[in-house]
Amino acid sequence: MDAWKETRESLDRESTRLWVSGTTRLKQIMRSTAGQGTTEYAILVGVLVVIAILAIMVFRPKLQELWNAIADGINGL
């Protein structure tokens, strides 16, 4: 029984060590700011693209009228 108890304690120590090591690494990753600026710019650009697409969809008839007026004006020259 002593061998089983020693094995169990050894496994407990190893699993605790791995858990602490893993959580420490996870904390380091979460604190890391490398690439944060790039990610923020990518999100900002994505949001702006979505807003632009929605604006074009909403104002499409007005934009079409404006485009046609400009084209007629150019053709009238």
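Just so it is clear, the model here is predicted, and its values are computed rather than measured.

Comments concerning the confidence of the model for the protein
Per-residue confidence for the protein gives a mean pLDDT of 84; residues scoring 70 or more make up 94%. Across the protein, helix H2 (residues 36–58) holds the top mean pLDDT of 91, while helix H1 (residues 2–31) sits lowest at 80.

Some remarks on the pattern of salt bridges
For the coordinates displayed, the defined rule picks out one salt bridge. A salt bridge links Glu 14 to Arg 17; the shortest N-O distance between them is 2.7 Å. With Glu 14 and Arg 17 both in helix H1, this residue pair falls three residues apart, about one helical turn. A relative accessible area of 47% means that Arg 17 is categorised as partly exposed.

Describing a nonpolar patch on the surface
Residues Ile 56, Val 58, Phe 59, Leu 63, Leu 66, Ile 70 and Ile 74 make up a contiguous nonpolar surface patch of about 690 Å² in total accessible area. In terms of residues, the nonpolar patch owes the most to one element, helix H3 (residues 60–75), which gives four residues. Turning to its location among the elements, Leu 66 is positioned in helix H3.

A word on the packing of H2 against H3
Axis separation between H2 and H3 bottoms out at 5 Å; the angle between their running directions is 75°. The angle between H2 and H3 falls in the class roughly perpendicular. Across the interface between the two elements, Ile 56, Met 57 and Val 58 from H2 touch Arg 60, Pro 61 and Leu 63 from H3. Split into classes, the residues belonging to the contact of H2 with H3 amount to five nonpolar, no polar and one charged.

The rules behind each value
Residues numbered from 1 in each chain as written. Predicted model: local features only at pLDDT ≥ 70, side-chain atom pairs only at ≥ 80, totals over all residues. Heavy atoms only, no water. pLDDT = per-residue confidence, 0-100. Helix = DSSP H or I, 4+ residues; strand = E, 2+ residues; numbered from the N terminus. Salt bridge = Lys/Arg side-chain N within 4 Å of Asp/Glu carboxyl O. Buried < 20%, exposed > 50% of the residue type's maximum accessible area, 1.4 Å probe, protein only. Patch = residues over 30% accessible without salt bridge, like charges linked within 9 Å, V, L, I, M, F, W, Y side chains within 5 Å. Areas by Shrake-Rupley, 256 points an atom, 1.4 Å probe, with all protein chains shown as cover. Axes fitted to C-alpha atoms, helices over the stretch in contact; angles between N-to-C directions. Parallel < 35°, antiparallel > 145°, perpendicular 65-115°, else oblique. Contact = heavy atoms within 4.5 Å. Nonpolar A, V, L, I, M, F, W, Y, C, P; charged D, E, K, R; others polar.

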